[in-house]
Amino acid sequence: MDTIRKGVLNMTYQIAVLKGDGIGPEITESAVAVMQKAVPQDVTLCCTDYLIGGIAIDRTGEPLPQETVNGCLRSDAVLLGAVGGPKWDGCEKHPEQALLGIRAALGLYANLRPAQLWSPLRGASPLRTELTEQGFDLLIVRELTGGIYFGDRGYRSGKFGEEAFDTEAYSVTEIERIGRVAFEAAMQRNRRLTSVDKANVLETSRLWRKTMHRLAEEYPDVAYNDLYVDNAAMQLVRDPRQFDVIVTSNMFGDILSDEASQLTGSIGMLPSASLGEGTRGMFEPIHGSAPDIAGTGKANPIAAILSAAMLLRYSLGLSGAADRIERAVGQVLEAGYRTADLAGSSDAPTLSCAEMTDRILIALE
Ligand code: NAD
């Protein structure tokens with residue numbers, strides 16, 4: 001257990017740290033160091049490591065040992081690195097099974113993915129310069145445990161012979177709870193919310209829209225609008241600045257959040273949060289374990305560090321510390337420091353994972 005005592009009148013929080021595989025350990029260690037440095041003197045973070053993914057298979061035979069689930073359930077928040085790698089491809093048990101397992105065990109039904117274009121990284125975005133000049137900063141709130149990914153599926157005999165089917169179901173309760181997360185998030189940001197559906201075709205979308213409209217009446221300070229998903233996909237690349245918070249179903253969110261992440265330039269910059277009832281959440285970079293660069297020091301730790309900032313903001317209510325981390329990242333990028341993934345074709349020397357972490361720690365001082 002790694003405990004740093006910061007002061008006498010302590011608020012103590014338990015953080016479960018799941019480093020996982022590949023670059024997971026190095027980026028997670030960076031995130032823990034930055035998080036420890038950013039919290040106020042009277043806050044103590046007790047960070048405890050638990051096994052997950054391939055390394056958990058190697059050591060215990062299970063990708064998600066019960067001890068890990070219990071440790072997460074006892075914690076105020078969970079910080080996850082990444083799982084998986086070629087070593088476990090073709091094994092009977094997959095490291096990635098642990099992700100669905102831990103989300104289910106913690107009841108995490110809301111996935112929050114901010115997509116922000118940091119102004120020093122404008123050149124890395126595939127968007128036109130006139131769009132990137134002013135930057136953009138949006139948040140996608142995706143329903144995580146319902147919809148077509150969890151509905152009835154199978155094979156049957158149809159009009160043209162064998163056919164496969166998947167079904168989507170959403171209850172009012174499921175739509176309401178994700179809707180509330182999105183409206184609350186909009187209240188913390190610029191008070192604009194777009195709900196994305198396909199209500200011109202899908203019955204679930206019509207219920208989604210009706211339920212969102214009812215919720216919108218409870219949040220008169222939030223400017224609300226609806227978009228069909230095909231239009232939303234187009235509007236995201238036409239001008240992402242028009243969005244503040246987007247709320248949508250599991251499958252639409254899966255697709256739109258990947259689209260939005262690409263607009264920011266590098267996968268190594270993007271954090272995420274998964275939330276359920278209460279404040280406990282799981283926070284992780286959106287990228288995987290990057291086995292191609294694991295152990296080379298080339299990993300960009302910023303997505304993990306920004307995930308730690310989200311942990312402080314959403315699970316511990318330490319928005320000031322989260323803001324400090326985000327400002328420190330901005331300063332370091334503004335000063336021109338880059339890891340290899342951010343350097344593009346530039347010949348300038350790049351920083352290792354540890355060096356980038358040190359720069360951010362210095363910026364926090
Ligand atoms: P990946 O995100 O690991 O890597 C894609 C590319 O991006 C690679 O070239 C990698 O080097 C680069 N990259 C990723 N993160 C980076 C970082 N922080 N800094 C610099 N470069 C970075 O995706 P993949 O290669 O498709 O998957 C690798 C493994 O990760 C697979 O086993 C996959 O199942 C797993 N995975 C895990 C998660 C998770 O744990 N949540 C998510 C996605 C993929």
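The structure presented is a predicted model; accordingly, all values stated were derived computationally and were not measured. (Residues numbered from 1 in each chain as written. Predicted model: local features only at pLDDT ≥ 70, side-chain atom pairs only at ≥ 80, totals over all residues. Heavy atoms only, no water.)

What follows concerns helix α3 (residues 66-73). By the burial criterion, the buried members of α3 are Thr 68, Val 69, Gly 71 and Cys 72. Looking down the long axis of α3, one finds its buried residues gathered within 165 degrees of arc, a one-sided arrangement. Along α3, the residues that are exposed and aim more than 90 degrees away from the buried face are Gln 66 and Glu 67. Elements in contact with the buried residues of α3: β2 (11-20), β4 (77-82) and α4 (97-106). (Buried < 20%, exposed > 50% of the residue type's maximum accessible area, 1.4 Å probe, protein only. Helix = DSSP H or I, 4+ residues; strand = E, 2+ residues; numbered from the N terminus. Arc of directions from axis to C-beta. Contact = heavy atoms within 4.5 Å.)

Once that is clear, we can look at the packing of helix α8 (residues 229-238) against helix α9 (residues 250-263). Contact pair α8 / α9: the axes reach a minimum separation of 10 Å and the direction vectors enclose 10 degrees. Taken together, α8 and α9 sit at an angle that is classed as roughly parallel. The residues of α9 that touch α8, namely those facing Val 229, Ala 232, Ala 233, Leu 236 and Val 237, are Phe 252, Leu 256, Glu 259, Ala 260 and Leu 263. Looking at the contact of α8 with α9, its residues break down into nine nonpolar, no polar and one charged. (Axes fitted to C-alpha atoms, helices over the stretch in contact; angles between N-to-C directions. Parallel < 35°, antiparallel > 145°, perpendicular 65-115°, else oblique. Nonpolar A, V, L, I, M, F, W, Y, C, P; charged D, E, K, R; others polar.)

The subject of this paragraph is the packing of helix α1 (residues 24-38) against helix α10 (residues 302-314). Running from amino to carboxyl end, α1 crosses α10 at an angle of 45 degrees, the nearest separation of the two axes being 8 Å. Considering the angle they form, α1 stands oblique to α10. For the crossing formed where α1 meets α10, the hand is right-handed. Listed contacts from α10 to Ile 27, Ser 30, Ala 31, Val 34 and Met 35 of α1 are Ala 304, Ile 305, Ala 308, Leu 311 and Leu 312. Classifying every residue of the contact of α1 with α10 gives nine nonpolar, one polar and no charged. (Left-handed = near helix turned anticlockwise from the far one by under 90°.)

Attention now goes to the domain arrangement of the chain. Frequently, the measure chosen for interface size is the accessible area that the parts lose on association. When its domains are assigned, the chain resolves into domain 1 (1-114 + 271-365) and domain 2 (126-146 + 172-263). With twelve residues of domain 1 in contact, the opposing surface of domain 2 contributes 14 residues. Summed over both sides, the interface between domain 1 and domain 2 buries roughly 1100 Å², with carbon and sulfur atoms accounting for 62% of that surface. When the area that domain 1 buries against domain 2 is broken down by residue, the three leading residues are Tyr 109, Asn 111 and Arg 113, summing to 56%. The interface formed by domain 1 and domain 2 holds one salt bridge in total. One salt bridge connects Asp 258 with Arg 113, and the closest N-O pair in it is separated by 3.1 Å. Counting residues per element, the side of domain 1 that touches domain 2 draws most heavily on strand β5 (residues 110-116), at five residues. In terms of residue class, the side of domain 1 that touches domain 2 is made up of seven nonpolar, two polar and three charged. (Domains from an automatic or database assignment. Buried area = accessible area lost by both parts, 1.4 Å probe. Salt bridge = Lys/Arg side-chain N within 4 Å of Asp/Glu carboxyl O.)

On to the site of the ligand, then. Looking at the ligand, there are 20 residues lining it, with Val 83, Glu 96, Gly 288, Ala 290 and Asp 292 nearest. In this structure, Glu 284 approaches the ligand through a side-chain N or O atom, which is 3.3 Å from a nitrogen atom. Protein chains shield 68% of the accessible area of the ligand, which is 800 Å² for the free molecule. Across the shell around the ligand, the residue classes tally to nine nonpolar, seven polar and four charged. (Near = heavy atom within 4 Å. Polar contact = N/O pair within 3.5 Å; in protein donor to acceptor, adjacent residues only side chain to side chain. Areas by Shrake-Rupley, 256 points an atom, 1.4 Å probe, with all protein chains shown as cover.)

So, on to the pattern of salt bridges. Oppositely charged side chains can pair when the atoms bearing their charge come close. Inspection of the entire model under this criterion finds 20 salt bridges. Across the salt bridge formed by Arg 209 and Asp 197, the nearest N and O atoms sit 2.9 Å from each other. Separated by twelve residues along the polypeptide, Arg 209 in helix α7 (residues 203-218) and Asp 197 in strand β9 (residues 192-197) bring together distant segments of the chain. Neither residue differs from the other here; Arg 209 and Asp 197 are each classed as buried. Across the pair Arg 206 and Glu 203 runs a salt bridge whose closest N-O atoms are separated by 3.0 Å. Here the residue Arg 206 and the residue Glu 203 both occupy positions in helix α7, the gap between them amounting to three residues, near one helical turn. Overlapping salt bridges, with partners in common, bring together Lys 19, Glu 29 and Asp 49 in one network.

A few words on the environment of Thr 204. For Thr 204, the position within the fold is in helix α7. When its relative accessible area of 14% is taken as the criterion, Thr 204 is described as buried. Spatially, the C-alpha atoms of Thr 204 and Gly 147 are 8.6 Å apart, while their sequence positions differ by 57 residues. Each residue touching Thr 204, except ones within four places of it in the same chain, is listed here: Glu 168, Ala 169 and Tyr 170.

Moving on, we get to the nonpolar core. Generally speaking, nonpolar side chains in soluble globular proteins are found buried as a group. With 71 residues, the main nonpolar core has Ile 15 and Leu 312 as its most contacted residues. Here the element with the most residues in this core is α10; it accounts for nine residues. Residues from two domains meet in this core; each of domain 1 (1-114 + 271-365) and domain 2 (126-146 + 172-263) gives at least three. Counting 18 residues, the second largest nonpolar core, distinct from the first, contains Leu 117, Leu 227, Leu 236 and Leu 256. (Core = buried A, V, L, I, M, F, W, Y, C linked by side-chain atoms within 4.5 Å.)

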